[in-house]
Amino acid sequence: MASEARTRARRRSCQATDFGATAVASSVDLLVEILMRLPAKPLLRFKCVSKQWYSIISDPQFIINYAQRNLKPLLGLLLSGRKEQLGPYPEFSFISIGGYGKTGRVPKFLTIPKLEIQDFCNGLMCYSKPHMDAPQFTSYYVCNSASGQSKRIRVLESPSSKRLMAVNLAFDPSKSPFYNVIFVSETSGSELNHLIKIDIYSSKTQTWRPSTKGLFIVPHDVDFGNGVYWNGAIYWYHRKKNSLAYFDFEADCLERLQMPLLSQGSYPMSFDYFGESGGHLHLVGTCRPGTTLFTVFEMEKDRSGWFVKCNGDLGALATRFPKMVTPRLSRRYLFSPVSLFRGEKEEELSIVLTIPGSVVQYNAKDKTSKKLCDLPKGFIFNDFMGQGFRFKSHQYMETLASI
């Protein structure tokens, strides 16, 4: 009798489960609500469940709504360096943020032989590699790092690749499921200026076009190697002129943006990092190497100016990590900001820094810190004037966007 009762109970449980699954499947609104709560990587796999699920997850409006609801969660940082500097060690190292993945393990999508990262932007990556069996050509691809899906968008001969100054992605999934890629190439130059052209690829039309404004003259020392996409434009740092050059996609033109005044009391300040996080453009200014003082600036949404987001002092961090301090009479502090990201709350800011031997995270609000990992093998902190610019970081996140 007891056995029969247990059998009947299991049957009723299975029937209830089947009824619940049927109810979810038959209610599109309920199914969409459930899918909205899942991480991006499983969602991309769930496209294979059925035609209905594929249609929902691939829908452009679903992708936009998903991005607006799940505001660019930062899952990790990817440190990249140059092979001639790193020797036999990998050119990339993944650093987990918030427990995602495993620090030190290179993601599968980066194991492509002779891959060179051009840019990361909100879950998409642009990379290049030698073109098949023709090394005199270089192929350029856009890849969704979560799904591994990639698409070749351009092939250039080596002479054209050498004239290429920047390859940047422009992608904001909270506004559109489509992306743009720009190629900045030098047509001629002098000791003072470059004459450049800008070509733009649209994933919506899957076509290339030149900028309608023709050629642009830019100073020779604009850092085209580190572009940042924010608010409809791509920005490059011009250190000597203390400004940002930026290309506005809507206006289709190249403009200049003044940086904040470099001052913090009696200590000289330099800008050591600029990047986007949570829909905001930030600058980190430090008073290295003589002090541990820093300031985080944020740009107004309309680009009308900068304001101070927060001031801070890394003195407590130097006490916890004594390798940050040189054992000399003239004390110098060795640290380099490589990334900044916002927390779940608007006022939360965390700065990721490299210091001799380690990568650490510092919370600017509650002034707490934690060691993320040892500095990866081959990534050497250069202590010349406290600079650690032998490598750069890319923010790793995931998106539903199709390539």
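Residues numbered from 1 in each chain as written. Predicted model: local features only at pLDDT ≥ 70, side-chain atom pairs only at ≥ 80, totals over all residues. Heavy atoms only, no water.

*Asks:* Sorry, what's going on with the pairing of strand E19 (residues 306-313) here?
*Replies:* Sheet analysis places strand E18 (residues 293-299) next to E19, joined by 7 bridges and oriented antiparallel. Note on E19: the bridge partner recorded for Phe294 is Gly312. Counted along the chain from E18 to the antiparallel partner E19, the turn is 6 residues long, and its residue Arg303 has a positive phi close to 65°. (Pairing = 2+ DSSP bridges. Helix = DSSP H or I, 4+ residues; strand = E, 2+ residues; numbered from the N terminus.)

*Asks:* Would you mind going over the side chain of Ser203 with me for this structure?
*Replies:* Looking at the secondary structure, you find Ser203 in the loop between strand E9 (193-202) and strand E10 (207-210). For Ser203, a relative accessible area of 10% corresponds to the buried category. A distance of 2.8 Å separates a polar atom in the side chain of Ser203 from the backbone nitrogen of Tyr179. In contact with Ser203, not counting residues within four places along its chain, are Phe178 and Tyr179. (Buried < 20%, exposed > 50% of the residue type's maximum accessible area, 1.4 Å probe, protein only. Polar contact = N/O pair within 3.5 Å; in protein donor to acceptor, adjacent residues only side chain to side chain. Contact = heavy atoms within 4.5 Å.)

*Asks:* Hey, could you run me through the environment of Glu91 in this one?
*Replies:* Checked against the element boundaries, Glu91 lands in the loop between helix H6 (83-86) and strand E2 (92-96). A relative accessible area of 22% means that Glu91 is categorised as partly exposed.

*Asks:* Just to check I follow, could you spell out the sheet that holds strand E14 (residues 243-248) for this structure?
*Replies:* Strand pairing in a sheet relies on backbone hydrogen bonds. The paired strands run either parallel or antiparallel. Taken together, 4 strands build an open sheet; the order of strands is E12-E13-E14-E15 and the sheet is antiparallel. Every interior strand has two partners, whereas the edge strands, strand E12 (223-230) and strand E15 (253-258), have only one. Across the sheet, the axes of successive neighbouring strands diverge by a mean angle of 30°, strand direction being ignored. In terms of strand pairing, E14 meets E15 through 6 bridges, oriented antiparallel. When the bridges of E15 are listed, Tyr246 appears paired with Glu255. (Axes fitted to C-alpha atoms, helices over the stretch in contact; angles between N-to-C directions.)

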